Amino acid sequence: MSEKTYYDLIILGAGPAGMTAAVYAARKQIDALVISENVGGQTTWSAEIENHLGFRLITGPELVAKFEDHVSKFNVPRVFSKVIRLTRPGHTFSIETEDGRTFAARAVIVATGKSPRLLNVPGEKQYMGRGVTYCATCDGPLFAGKNVLVAGGGNSGLDAVVQLMKICPKVYLVERESELRADAVMIERARKAPNVEILTDTAVVEIAGDAFVNAVTVRNLKGGEMRRLEVEGVFVEIGLVPNSDFVKGMLRLNPIGEIPVDCASRTGIPGLYAAGDVTDVPDKQIIIAAGDGAKAALGAYSYIVRLPAGDDWHRTPA
Amino acid sequence: MMAETSTKRVTIYSTPTCPYCRQAKDYLTQKGISFTELNVAADMEARNAMVQKSGQLGVPVIEIDGQVVVGFNRGKLDELLK
C-alpha cells in the first residue's frame, strides 16, 4: 500500500492545541494529517485539572482519553513519529520525521508543545532511563528503598520530593538558586522530613555509574566545594523547553525558544501557524492551547481555500 | 486482522501511577489485544526481569513475542503487532 504523503494541512503535535486543530480541520473537511510523537503532551502528566470548563475535576490522563475519543470520531489520519525538520523548498512545506519519512503540505500548524529541560551535564544522556528520569510520577515507585536526588526546587521538584521521601531512605533536593520557588506548604513538608536534605546554591555537575547511576557530583555555587552523593536515582524537574528546534531555519524564535505568533496564530510565514505551549502566548494552559489550536485551524482553512487553483503542487509531493 | 494480532504474546511492565502505561494499556485494549500486566512497583521479580530485558529502569516496557519496546511508542508497537 503506497502511503499518501501530501496533504492540504499537516498538524504537528497531538496535545490540546493539535487535537483541537484536528477536530476543526475535520469539520471543515480539510485534507489533513496529524503527526505526533505522543498523545496529550503535558496534559498526560497533569495530576488533577480543576480549571477546564465542563469538568469540575478531571485527571490529565482522563482528559487526554476524552480528547482521543473525540478526535477518533473524525478519522483524521495519524502518523506517530517525531518531526525533525520543517522547510519550505517551494510553494509547499516539507516535513521530515525521525523514522525517515517525508511529507508535504500546503499549510502547517506547529503545536508541538514543550518537553522537560535537560541538565546538560556529563552522564545525563548516558544514564537516561538508567537512573535518570524526567517523570517522577511514572518512575518514582521503581526507586523505593534507594537513595535519590531531585534537581529543581520549583513545584514539580517538590512534588517529586514529597512523593519520594515516603519510599526512599534519603532524598537530596538540589536547587541552583538560594531559595526554593515552590508553594510554601510543599517546602515545609520537605523541610520537616528527616530524610530530606535540601542543597540550595548548588548545581549538579556530573552523573556517574556503571550500568546504572550510582553517584552524582554537585558543586556549591557560592563556596565552590564539590560533594559526591551516592544515589541511584536522579529526578530532573527543572522546567520545560519548547519543541521548536525543527523550525529554527525558518522562523526567528524568542529568547526562550518559543515561536512568536500574532492574535490569529500566524507566524509571519504564509500558511504556517503555531498554537499552544510552543508559542509565545503568555499563559500556558490547556484551555488556552485548545483555543489557539482552533484559531490556527480556522486560519489555515481560510488560507487553503484562497490558494490559487491549478498550481503544480500535486506533481511535486516532495 | 484482529484475529492475527491476538496470537502475539504481549506483556506490559508498568507502575500504577504512570500515565503512559495507562495510555499504552488503553491502546492495546482498543486494538483488541490481550496482554499480561506486571506491576514493577510491587513485583521485584518482574522489575528485575524488566531491567534485564530492556537494560533500563523506566516504564512502560512492552514485550511483544520477545521483542522489547521501551516507552509508549505507537509506531513501534504497530510495527511489531502487524
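Given the structure is predicted, the values throughout are model-derived calculations rather than measurements.

K.L.:
Help me understand the sheet that holds strand β11 (residues 148-151) of chain A, please; the structure alone is not making it clear to me.
P.N.:
What links the strands of a sheet is backbone hydrogen bonding, and the strands pair in either a parallel or an antiparallel sense. Residues and elements named next belong to chain A. With parallel pairing, the five strands of this open sheet are ordered in space as β10-β17-β11-β12-β13. In the strand order of this sheet, the two ends are held by β10 (132-133) and β13 (196-199), each with one partner. With four bridges connecting them, β11 and strand β12 (residues 171-174) associate as parallel partners. For Ala151, the partnering residue across the bridge sits in β12 and is Val174. Strands in contact with helix α4 (residues 155-164) are β11, β12, β13 and β17 (233-236); relative to β11, the strand with the most contacts, it is inclined by about 160 degrees.

K.L.:
Got a minute to help me understand the packing of helix α1 (residues 16-27) of chain A against helix α2 (residues 60-72) of chain A in this structure?
P.N.:
How two helices pack is summed up by the angle between their axes together with the distance between the axes. Residues and elements named next belong to chain A. Two elements in contact, α1 and α2, have axes whose closest approach is 9 Å; the angle formed by their N-to-C orientations is 25 degrees. As summarised for this structure, α1 and α2 are arranged roughly parallel, according to the angle between their axes. Crossing geometry of α1 relative to α2 is assigned as left-handed. In contact with Pro16, Met19, Ala22 and Val23 of α1, α2 contributes Phe67, His70 and Val71.

K.L.:
Mind showing me how you'd approach unusual backbone geometry here?
P.N.:
With glycine set apart, most residues show a phi of negative sign, and most peptide bonds adopt trans. B:Val59 connects to B:Pro60 through a cis peptide bond whose omega is -5 degrees. With respect to the element layout, B:Pro60 can be found in the loop between α3 (44-54) and β3 (61-64). Its identity is not glycine, yet A:Asn75 carries a phi of approximately 55 degrees, on the positive side. Of note, A:Asn75 is situated in the loop between α2 and β5 (78-80). Positive phi values are uncommon outside glycine, yet B:Asp65 reaches one of about 45 degrees.

What counts and what doesn't
- Residues numbered from 1 in each chain as written.
- Chains lettered and ligands numbered in written order.
- Predicted model: local features only at pLDDT ≥ 70, side-chain atom pairs only at ≥ 80, totals over all residues.
- Pairing = 2+ DSSP bridges.
- Helix = DSSP H or I, 4+ residues; strand = E, 2+ residues; numbered from the N terminus.
- Contact = placed C-beta atoms within 7 Å.
- Axes fitted to C-alpha atoms, helices over the stretch in contact; angles between N-to-C directions.
- Parallel < 35°, antiparallel > 145°, perpendicular 65-115°, else oblique.
- Left-handed = near helix turned anticlockwise from the far one by under 90°.

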